[in-house]
Every structure is written in C-alpha cells, then in structure tokens.
Amino acid sequence: MGSLAAVLRHPDDLYPLLKLKMASRQAEKQIPPEPHWAFCYSMLHKVSRSFALVIQQLGTDLRNAVCIFYLVLRALDTVEDDTSIPTDVKVPILIAFHRHVYDREWHFSCGTKEYKVLMDQFHHVSTAFLELGKGYQDAIEDITKRMGAGMAKFICKEVESIDDYDEYCYYVAGLVGLGLSKLFYASGTEDLAPDSLSNSMGLFLQDLKYEENSDKAVQCLNDMVTNALMHVEDCLKYMSALRDHAIFRFCAIPQIMAIGTLALCYNNIEVFRGVVKMRRGLTAKVIDRTNNMTDVYLAFYDFSNILKPKINKNDPNATKTLSRVEAIQKACMDSGVLNKRFVKVSKFYKQ
C-alpha cells in the first residue's frame, strides 16, 4: 500500500490506495478454475501486477485475448533477452514463435524466476490460445510473427543509428499497439485504428533504456524522453476515438502513467542510481480517477506542467523539449473540455 511516510506526505492517496488494494484482492479471486487459464492469470499477476489490475477493465473474451497476447509477447521477449542461448538456436525460435503458439506440447527452457516457469509451462498458454476466437488468434499470430522476425533481425544486427533504434522500437513496442488495436477490432466493439496512431500508442509505453556510464547520461535520458513526447498527440487522438468505456480505461490508465513517469524521469540523475517510478499512491489515483477524456487531458496537462520547469536551457534538446511540452498543453486546451481557470491552479496529479 506504499510506505507510511509517503501516505503521510500525501494523505489524499489513502482512499485510492485502499480501493486499489481491494481491487487487487478481487482480481485474484476471479482467476478462472481451469488449469490452463488459472496458470495464465496467475502468471500475469506475478510478472505484472499493475497490468493484471488494468486488464480487469475488459469484458471476459477480450480480457482473455489480451492476457494471452501479453504472455506470448513476454515469452518471446524472454527468449530474446536470454544471453545464454546461442544465436543459431535463438534466431530460429524467434522466427517460428508464431507457429509454436498452436502447439500444445511446445516449451523451451530459458529465462529466470517467473519467466522460466512461463517458458517451462508454455503449453498452458498455447492451450488457452487455442480456445480464443479466430479473430483474436489471427491478430496474436500476426503480431508475434512480425515481432519475432524483427527481434531476430536485431540479434544479428547492432543498433548503430537513430533509424536503427526507431526500427527496433517499432518491432518491440509499436507492434504491441497495433496488436491491441487488432484485438479491440476483433472484439466487435471498436473500429480498426490507423496504424500510425496504434504505433504511437505502443511506442509511448516503451521502457526507456539508459547508458549508465555515459558522461552525457542525463542528456541522453532527456533526448529519449523528448523523443517519446512526440507520440503524445497521436495517443490523445487514439483515445478520443474509443467508444467502449472498458477499452478506454484499459488504454488510458497506462498512457497517463507513462506521461507521469516521463515527467518524473526527465533531467533526473536518480534514474542512474536506482529505480525511479511513480509512487504507488499516485498510481492508485490514476486508476481511480481515469474515466473519460477530460480526465486524460487534465492528467496530460498536469504532468507536462510538472516536466516543463525541469527543462534545462543548456540541454542540447531544450528547445525541442519545450516545443513538445507546449504542443501537448495546447492539444489539451484545444480539446475544449478543460476550464482555463481550473487548469492554471490544477495540481490534480502532483508528485
């Protein structure tokens, strides 16, 4: 529930934290009884408790599809990240992974801790995958095939340029956004979003990676945050077009947490000394308070306002960063749903 000291500093966190705790317990009680589905949802809780909570917003069929999509990509990522696997073994597995999901007997031992359990007992994931509707299966297969091929390409190729970096991020993050849009469409509740907007939704959630020993580490960090900010306007367009309230909350909560994390990390040397993330009480507030686009615009405006004064005029990308922050704030104001007087004094998501 977060440290007592954090709650004392932010007493208005207490109620959202209690609601989050109750929601977490309720989610654990809703784990299906069938062994393969029980494994999948239990594994989801182990590898990402926050995602396991957010996914509860969705209806049963779509929730099951998103759960399996997440676990399949986690398994794919586990293969890619395991440095003990020889390249001549790893590459064919990545390329063929989209076929392995149809094989109830397939598994491959690699990874550590929860991820090793996921890989050793991958047959549970395959069994659950085969119970999904064909539209869901096709979407998961397509994205897994494309992502596996992209990962295989960069196993054999170093990231040496910005273009290489952008291409790699498309494979490991942008495709996640495309896949979710395909699943929403397959559910019959949403139109198929344009690939450009879906790509931005995935890329904005991409974890930042840092060069810890670089002399210009903070400048590199700021550059990556600035690059991430260019996807915000696409993300806002994507979310504003969603019709289903459950899908809206499922998409909006992680996006708000992403902009909050960027605001926290920007120009922050502590990133290189330990884990920097939003306090749990603030996360609980985001989950509790995100219900419509007004909430989204307000959150994006607030977090961009937190980031803005951190911009160091001596940073090489200061002008670009400021321009992107101001573009985000303008998009929020141009939405017409925010009260200008309220926005001036708003500290709804103060850190």
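Residues numbered from 1 in each chain as written. Predicted model: local features only at pLDDT ≥ 70, side-chain atom pairs only at ≥ 80, totals over all residues. Heavy atoms only, no water.

1. Observations regarding the overall build of the chain
Helices and strands together make up the secondary structure of the chain, namely 18 helices and zero strands. In terms of C-alpha radius of gyration, the chain reaches 20 Å, essentially the compact-globule figure of 20 Å for 351 residues. Each of the 351 residues in the chain was classed as buried or not, and the buried ones make up 50%. With the model as given, the accessible surface of the chain reaches about 17000 Å², and the carbon-plus-sulfur share is 52%. The positive charge centre, built from 42 side chains, and the negative charge centre, built from 42, are 9 Å apart in the chain. (Helix = DSSP H or I, 4+ residues; strand = E, 2+ residues; numbered from the N terminus. Rg over C-alpha atoms; globule rule 2.2 N^0.38 Å. Buried < 20%, exposed > 50% of the residue type's maximum accessible area, 1.4 Å probe, protein only. Areas by Shrake-Rupley, 256 points an atom, 1.4 Å probe, with all protein chains shown as cover. Lys, Arg positive; Asp, Glu negative; His and termini not counted. Charge placed at Lys NZ, Arg CZ, Asp CG, Glu CD.)

2. Considering unusual backbone geometry
One non-glycine residue, Lys113, lies in the positive phi region at around 50°. Take Lys113: it is sitting in helix H7 (residues 113-120). Residue classification places Lys113 among the exposed positions, given a relative accessible area of 69%. Look at Asn267: it is not a glycine, yet its phi comes out positive at around 55°. Relative to the helices and strands, Asn267 is located in the loop between helix H14 (245-265) and helix H15 (280-289).

3. A short note on the packing of helix H10 (residues 162-186) against helix H11 (residues 195-204)
The interhelical angle for the contact between H10 and H11, taken along N-to-C directions, is 120°, at an axis separation of 7 Å. Looking at the two axes, H10 sits oblique to H11. H11 is crossed by H10, and the crossing has right-handed handedness. Residue-level inspection shows Cys169, Tyr170, Ala173, Gly174, Gly177, Leu178 and Ser181 of H10 in contact with H11, the latter providing Asp195, Ser198, Asn199, Gly202 and Leu203. Among the residues making up the contact of H10 with H11, the classes are represented as five nonpolar, six polar and one charged. (Axes fitted to C-alpha atoms, helices over the stretch in contact; angles between N-to-C directions. Parallel < 35°, antiparallel > 145°, perpendicular 65-115°, else oblique. Left-handed = near helix turned anticlockwise from the far one by under 90°. Contact = heavy atoms within 4.5 Å. Nonpolar A, V, L, I, M, F, W, Y, C, P; charged D, E, K, R; others polar.)

4. Re the side chain of Asp295
Along the chain, Asp295 falls in helix H16 (residues 293-307). The buried charged residue Asp295 lacks any salt bridge partner; its closest oppositely charged side chain belongs to Arg249, at an N-O distance of 7.1 Å. Not counting chain neighbours up to four residues away, the residues in contact with Asp295 comprise Ile256, Arg289 and Thr290. (Salt bridge = Lys/Arg side-chain N within 4 Å of Asp/Glu carboxyl O.)

5. Some details on a positive patch on the surface
Judged by side-chain charge, Lys21, Arg25, Lys277 and Arg280 come together as a positively charged surface patch. Along the polypeptide, Arg25 turns up in helix H2 (residues 14-29). (Patch = residues over 30% accessible without salt bridge, like charges linked within 9 Å, V, L, I, M, F, W, Y side chains within 5 Å.)

6. Brief notes about the confidence of the model for the chain
Scored by pLDDT, the chain has a mean of 88; 90% of the residues are at 70 or more. Mean pLDDT across the secondary structure elements of the chain bottoms out at helix H18 (residues 340-345), with 54, and peaks at helix H8 (residues 122-129), with 97. (pLDDT = per-residue confidence, 0-100.)

7. Considering a nonpolar patch on the surface
Taken together, the side chains of Leu14, Leu18 and Met22 present a nonpolar region at the surface, about 280 Å² in accessible area. Tracing the chain through its elements places Leu18 in helix H2.

8. A few points about the layout of surface pockets
Looking at the second largest pocket, its volume works out to about 260 Å³. Lining the second largest pocket are 16 residues, with Tyr165, Asp166, Cys169, Asn227 and His231 sitting closest to its centre. Going through the elements one at a time, H10, H11 and helix H12 (217-229) are the ones with two or more residues in the lining of the second largest pocket. Of the residues forming the lining of the second largest pocket, the biggest block, five residues, is contributed by H10. Of the residues contributing to the lining of the second largest pocket, the split by class is ten nonpolar, four polar and two charged. (1 Å grid on protein atoms, 1.4 Å probe; cavity = no way out; pocket = protein on both sides within 12 Å on 5 of 7 lines; lining within 4 Å. Points joined across faces, edges and corners; volume = space filled by probe spheres on them.)

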